[in-house]
Amino acid sequence: MKDIQARVNELHQLLHQYNYEYHVQDNPSVPDSEYDQLLHELIDIEAKHPEFKTSDSPTVRVGGEAQSSFEKKRHDTPMLSLSNAFNEADLRRFDQRVRDAVGPVEYMCELKIDGLAVSLKYVEGKFVQGLTRGDGTTGEDITENLKTIQAIPLTLKTPISFEVRGEAYMPRKSFLKLNELKEKRDEQPFANPRNAAAGSLRQLDSKLAAQRKLDVFIYSINDLTELDATSQSEALDQLDDLGFKTNHNREKVKDIEGVLDYIERWTKQREHLSYDIDGIVIKVNALDYQEEMGFTQKSPRWAIAYKFPAEEVVSQLHDIELSIGRTGVVTPTAILEPVRVAGTTVSRASLHNEDLIHEKDIRIGDHVVVKKAGDIIPEVVRVILDRRPSDAKPYHMPTHCPSCDHELVRIEGEVALRCINPKCQAQLVEGLIHFVSRQAMNIDGLGTKIIEQLYHYDLIKDVADIFYLTKEDLLPLERMGEKKAQNLLDAIEKSKQQSLEHLLFGLGIRHLGAKASQVIAEKYETMDRLFTVTEDELVEIYDVGEKLAQSLITYLENDDIKRLIEKLKSQNVNMTFKGEKLSDIEGHPEFNGKTIVLTGKLQQMTRSEASNWLKQQGAKVTSSVTKSTDLVIAGEDAGSKLTKAQSLGTEVWDEAQFIEKQSEINKQGV
């Protein structure tokens, strides 16, 4: 058995090395046939001796048992999105904000890969978890599918614990082969490589995911306490050293002029790449400047994404349809001659509002230019006047709601027409669809078509009715079988346990978004407590303005809403905040509220362990030394961070001092 174990270890080492050379370095040292021979030898050994198969075995690359679903898990820290720039003026404004905040800086320019953002967690050098971005707070656990991506190391060269983030994508070559296969099977081909990558990573059978030949580029480290990088460029170099695949088409530039040159060059060269990009990411290179600039609620202040100009095509506008949103806003939509835009067929495009239609002089029958705003939402850009037909008709918005015939109004200060009838059917249906959506109650399987059927058959009239549904109610619906009905009832039952912020957001209260719902739910903890708050109390909360406070109070004072909440309570829908509150971490006075930096090599624990312990004491652990740093804990070979701390006069402890204080606090039972 020892001989078998030794051979398994040898095969692991060889296969990991050959895989790294081929998929990361693009420099294989052995032919594919030799790699395949060794892999099949390992597969045979593991089949005969399953006790020798490990979670980081090279054989996991071929996929394993199919899953029934993807578990949702919270990110250790939110996966924020980047703010966008669409032209040179936007970029120069970003540069001015940066220089106003920290002075002249170097920038790191990186290609913006058009794929699916993922986070990868490593514990002592082992890949243990991979999540999608999801809503930025919670993602889907797709670990087994990510293991099939050959460029993701299962074991790092150094046994450290941290989280990295990157973009999983489908190379153009893999995309073409996949669609050729789909066409042979008479299946609907994918519209573009991005959709193909997302669909592949959400395959419940990881063997199918393995066949799709995905790839990945890693672009950031979530927690830099394990490394000694002082800049984005150094961090990427250290990722290379650890065995990750980063994009080497990055470039460090001295100023915004260098950024513009880089963008101009890659705008021309993008078509020669073997993968799709949809823009350029620009980051302040120095990590201490990043730390100093910080974040908004949605994005870092020290980075921006320049988006390539959207592809524009010409189509003919045949009609204009109106839709009613859950807040009563009436939105016009152009009905177009179907046309391909940015990889997908488009037959509908947003016209936003009546003022825009008149401003652009859009008429039914016009030939119009269409693009996808942000490469996602189709919109009409302009009319081609010299191709206007003689019978093109000007369009005028109706005076009454197309759903309930209630008179439409325009609220002062708004451009949109709005139906203010609280019993408007279209609004009620849209409100129900919002209530079951992912960021709200997240009732899997209860989609738009089912909601519309349930409403049409008078089975639901408000959100509380959803929790009264029975299998007998569901079975008569179109394409509803026994198993599907039971799965839907199980999802409804599960949703009752959602934390209060999801319920608040799902209720569709005007001006109340997901972030504010979280803040308010954490502050007041229960729905009953919310009914007692005043407008003055609410406006004192950070992130809650006067409009939101007024809207929430008006909503909660409505007798119909009070009856709705009681109806929800009677079905045991959770009315309390169930998440972890930051205020619950009381910590220890020695560290609570302090900003601490760990640097150098610690001997008695990893930096990750030290960081977690400090956070439990209420400290904020950061990666860069700045004027706001309260304490630096320095191990061996501390380097530039220690030097900077000494120059700033920041308090510095060695490991012995830290261990002594940690031991003292642990004995106190804090």
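Reading the values: rules and limits
Residues numbered from 1 in each chain as written. Predicted model: local features only at pLDDT ≥ 70, side-chain atom pairs only at ≥ 80, totals over all residues. Heavy atoms only, no water. Pairing = 2+ DSSP bridges. Helix = DSSP H or I, 4+ residues; strand = E, 2+ residues; numbered from the N terminus. Contact = heavy atoms within 4.5 Å. Axes fitted to C-alpha atoms, helices over the stretch in contact; angles between N-to-C directions. UniProt positions renumbered as here; feature names shortened; annotations may be inferred. Phe/Tyr/Trp six-rings, centres within 6.5 Å; stacked < 30°, edge-to-face > 60°. Lys NZ or Arg CZ within 6 Å of the ring centre and 35° of its normal. Buried < 20%, exposed > 50% of the residue type's maximum accessible area, 1.4 Å probe, protein only. Expected span 1.5 Å × (residues − 1). Arc of directions from axis to C-beta. Polar contact = N/O pair within 3.5 Å; in protein donor to acceptor, adjacent residues only side chain to side chain. Patch = residues over 30% accessible without salt bridge, like charges linked within 9 Å, V, L, I, M, F, W, Y side chains within 5 Å. Areas by Shrake-Rupley, 256 points an atom, 1.4 Å probe, with all protein chains shown as cover. Salt bridge = Lys/Arg side-chain N within 4 Å of Asp/Glu carboxyl O. Lys, Arg positive; Asp, Glu negative; His and termini not counted. Charge placed at Lys NZ, Arg CZ, Asp CG, Glu CD. 1 Å grid on protein atoms, 1.4 Å probe; cavity = no way out; pocket = protein on both sides within 12 Å on 5 of 7 lines; lining within 4 Å. Points joined across faces, edges and corners; volume = space filled by probe spheres on them. Nonpolar A, V, L, I, M, F, W, Y, C, P; charged D, E, K, R; others polar.

Caption draft 1: Representation of the sheet that holds strand β3 (residues 107–113) in the model. Ordered by their spatial adjacency, five strands build an open sheet running β2-β11-β10-β3-β9, and the pairing between neighbours is mixed. The open sheet terminates on both sides in strands that have one partner only, identified here as β2 (84–85) and β9 (251–253). Pairing geometry for β2 and strand β11 (residues 303–307), over two bridges, is parallel. Residue pairing for β11: Asn-84 is matched across the bridge by Ala-305. Across the sheet, helix α3 (residues 88–102) is in contact with β2, β3, β10 (277–284) and β11; its angle to β11 comes to roughly 175°. Taken strand by strand, helix α9 (residues 256–269) contacts β3, β9, β10 and β11, and its axis lies near 25° from that of β3.

Caption draft 2: Spotlight on the sheet that holds strand β5 (residues 126–132). Read across the open sheet, the four strands follow the order β5-β4-β7-β8; overall the sheet is antiparallel. At either end of the open sheet lies a strand with only one pairing partner, and these are β5 and β8 (215–221). For this sheet the average axis-to-axis angle between neighbouring strands, irrespective of direction, equals 30°. The strands touched by helix α8 (residues 232–242) are β7 (162–169) and β8; relative to β8, the strand with the most contacts, the crossing angle is about 130°.

Caption draft 3: Fine view of the UniProt feature "active site" (unreviewed entry) in the protein chain. The UniProt record marks Lys-112 with the feature "active site" (unreviewed entry), using the residue numbering of this structure. Along the polypeptide, Lys-112 turns up in strand β3. Contacts of Lys-112, omitting those with residues within four sequence positions, involve Ile-277, Asp-278, Gly-279, Ile-280, Val-281, Ala-305 and Lys-307.

Caption draft 4: Seen up close, the packing of aromatic side chains. Under the definition given, this model contains 15 aromatic pairs. Ring centres of Tyr-262 and Trp-266 lie 6.4 Å apart, and the angle between their planes is 50°; on these two criteria the pair is classed as tilted. Here Tyr-262 and its partner Trp-266 are both found in helix α9, four residues apart, which amounts to about one turn of the helix. Over the ring of Tyr-455 we find Lys-461, and its NZ or CZ is 3.9 Å from the ring centre.

Caption draft 5: Just unusual backbone geometry, in detail. Positive phi, close to 50°, is recorded for Glu-124, a residue that is not glycine. The residue Glu-124 is located in the loop between β4 (116–123) and β5 in this model. Note on Glu-124: relative accessible area 52%, which makes it exposed. You will see that His-352, though not glycine, has its phi angle at about 70°, which is positive. Residue placement: His-352 occurs in the loop between β14 (344–350) and α11 (354–359).

Caption draft 6: Quick peek at helix α21 (residues 559–570). Along its 12 residues, α21 runs 17 Å from first to last C-alpha, staying within 8% of the 16 Å computed at 1.5 Å per residue. Taken together, the buried positions of α21 are Ile-561, Leu-564, Ile-565 and Leu-568. For α21, the buried positions fall inside an angular range of 100° around the axis, keeping them on one side. In this fold, the buried residues of α21 make contact with α16 (500–506), α18 (527–530) and α20 (546–557). A side-chain oxygen of the first residue of α21 lies 2.7 Å from the backbone nitrogen of Asp-560; this N-cap is Asn-558. Immediately downstream of α21, the backbone of Asn-572 shows phi near 65°, a positive value.

Caption draft 7: Summary view of a negative patch on the surface. Together, Glu-535, Asp-536, Glu-540 and Glu-546 line one region of the surface with negative charge. Mapped onto the elements, Asp-536 comes out in helix α19 (residues 535–539). A residue is classified by how much of its surface remains accessible, and Asp-536, at 58% relative accessible area, is exposed.

Caption draft 8: View of the UniProt feature "binding site: NAD(+)" (unreviewed entry) in the protein chain. Residues annotated in UniProt with the feature "binding site: NAD(+)" (unreviewed entry) correspond here to Asp-32, Ser-33, Glu-34, Tyr-35, Asp-36, Ser-81, Leu-82, Glu-110, Arg-133, Glu-167, Lys-283 and Lys-307. For this annotated set, covering 276 residues, the C-alpha atoms extend up to 43.4 Å from each other, a dispersed arrangement in space. Its place among the elements puts Lys-307 in strand β11.

Caption draft 9: Local environment of empty space enclosed by the protein. For the structure shown, the criterion picks out one cavity of 30 Å³ or more. Roughly 40 Å³ of internal volume is contained in the largest cavity. In terms of lining, the largest cavity is formed by Arg-74, His-75, Asp-76, Ser-119, Leu-120, Lys-121, Gln-129, Leu-131 and Glu-163. Those elements giving two or more residues to the lining of the largest cavity turn out to be β4 and β5. At three residues, β4 tops the list of elements feeding residues into the lining of the largest cavity. When grouped by side-chain class, the residues that make up the lining of the largest cavity number two nonpolar, three polar and four charged.

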